[in-house]
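Close look at the chain arrangement
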Amino acid sequence: MTYDTISQDSEGDHPAYVSYDNGRSFQTWNVSGSGEISVDGIDCNSSYLYIAFANQTHIQWAPVQDLNSFTLASSHSAIYDQYGGIIAGTSGVVGMAEQNGDYYSNYATGLPQDMQTAGSYPVSYTFYPLSASRHSGADFVSGSYHIGMVDTGNDTCRFYSMTSSDRNPSSASYVEPGCNRVSELGNLPALTGTGSAVLTSYRNEAGTDGAVLYSTDGGQSYSHLNLNVWNDAGYIADIEVD
């Protein structure tokens with residue numbers, strides 16, 4: 001768990017926290033350097049925790065079992081460096097970057113010593129990332145990077161499925177299920193899954209209405225989940241699987 005910023009010094013005001021005993025107790029941890037960093041993206045796999053932040057090299061990581069031992073990336077070749085989120089796969093990292101209103105997929109295979117650019121997404125689509133607003137329509141599920149984007153101009157959502165971190169989005173597989181149970185589509189608060197199942201939620205701009213889509217074929221097609229048991233105003237902000 002972190003604040004929007006993480007102290008780079010154990011004496012700072014904003015340490016981060018980790019539990020290794022199912023939440024019974026927590027330890028603090030800090031990132032590399034001095035001062036504080038703003039968290040532009042954060043994700044982990046079973047081995048490493050990755051953080052994207054506004055700095056010359058933009059990425060740092062640490063072993064999950066030793067979160068006071070961060071390594072800074074040695075370089076950052078991708079010229080698109082305003083990260084909105086990162087996705088940790090088992091053997092690579094995808095970073096969602098924005099530059100002048102255009103969206104790009106940055107990547108590293110293995111540890112992200114140097115992030116490269118795989119290609120761009122359609123300009124009319126917007127990735128609402130895990131940033132200050134905490135909307136996260138992306139995750140690594142059973143060997144694929146699943147990335148959701150929305151076009152608020154025509155209330156359309158698009159979900160990409162990429163099996164490798166270096167895949168150019170222009171040639172990646174995607175589907176456009178009907179996110180049509182709300183008007184004035186806002187963003188995708190959650191996406192997760194396990195096995196061949198993928199679940200994602202979407203909401204309207206005001207946050208007063210929402211719906212959930214699910215896939216049983218690894219994101220190749222989606223259907224709406226029946227939420228008739230819940231009649232109040234609002235939306236599904238988070239989805240967890242076990």
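Above this note sits the structure.
What comes next concerns the included structure. Computed from a predicted model, the values in this text were never measured in an experiment.

**A look at the environment of T192**
Summarising the element assignment, T192 is placed in strand β16 (residues 185–194). For T192, a relative accessible area of 9% corresponds to the buried category. Apart from residues no more than four positions distant in its own chain, T192 is found in contact with D139, V141, A197, V198, L199, I239, E240 and V241.

**What about the side chain of S215?**
On the secondary structure map, S215 appears in strand β18 (residues 210–215). Overall, S215 belongs to the buried group, its relative accessible area being 1%. Reaching out from S215, the side chain makes a polar contact with the side chain of D217 at a distance of 2.7 Å. One polar contact links the side chain of S215 to the main-chain amide nitrogen of G219, over a distance of 2.9 Å. Residues contacting S215, with those up to four places away along its chain left out, are S196, A197, V198, Q220, S221 and Y222.

**Overview of the pairing of strand β14 (residues 156–162)**
Among the 7 residues in β14, 7 count as buried, and that is most of the element. Neither face of β14 is open: one carries T156, R158, Y160 and M162, the other C157, F159 and S161, and all of them are buried. As paired strands, strand β13 (residues 144–151) and β14 are joined by 7 bridges and run antiparallel to one another. The partner of M149 across the bridge, within β14, is R158.

**Re the sheet that holds strand β5 (residues 48–53)**
With antiparallel pairing, the 5 strands of this open sheet are ordered in space as β1-β4-β5-β6-β7. If you trace the sheet from one side to the other, it starts and ends with β1 (5–7) and β7 (71–72), each paired once. Where β5 meets strand β6 (residues 59–63), 5 bridges bridge the pair, whose relative direction is antiparallel. Bridging across to β6, Y50 finds its partner in W61.

**Topic: the packing of aromatic side chains**
This structure, assessed with the given rule, holds 7 aromatic pairs. Taken together, a centroid distance of 5.0 Å and an interplanar angle of 80° make the contact between Y121 and Y160 edge-to-face. With a gap of 39 residues between them, Y121 in the loop between β11 (116–120) and β12 (138–141) and Y160 in strand β14 connect regions that are remote in the sequence. Judged by relative accessible area, Y121 falls into the buried class, the value being 2%. Given a relative accessible area of 2%, Y160 falls into the buried group. Taken together, the aromatic side chains of Y121, Y160 and Y174 make up a single cluster linked through ring pairs. Note that R158 overlies the ring of Y174, its terminal NZ or CZ placed 3.8 Å from the centroid.

Conventions and cut-offs
- Residues numbered from 1 in each chain as written.
- Predicted model: local features only at pLDDT ≥ 70, side-chain atom pairs only at ≥ 80, totals over all residues.
- Heavy atoms only, no water.
- Helix = DSSP H or I, 4+ residues; strand = E, 2+ residues; numbered from the N terminus.
- Buried < 20%, exposed > 50% of the residue type's maximum accessible area, 1.4 Å probe, protein only.
- Contact = heavy atoms within 4.5 Å.
- Polar contact = N/O pair within 3.5 Å; in protein donor to acceptor, adjacent residues only side chain to side chain.
- Pairing = 2+ DSSP bridges.
- Phe/Tyr/Trp six-rings, centres within 6.5 Å; stacked < 30°, edge-to-face > 60°.
- Lys NZ or Arg CZ within 6 Å of the ring centre and 35° of its normal.

It is worth stressing that arrangement in space is one thing and function is another; only the former is reported here.
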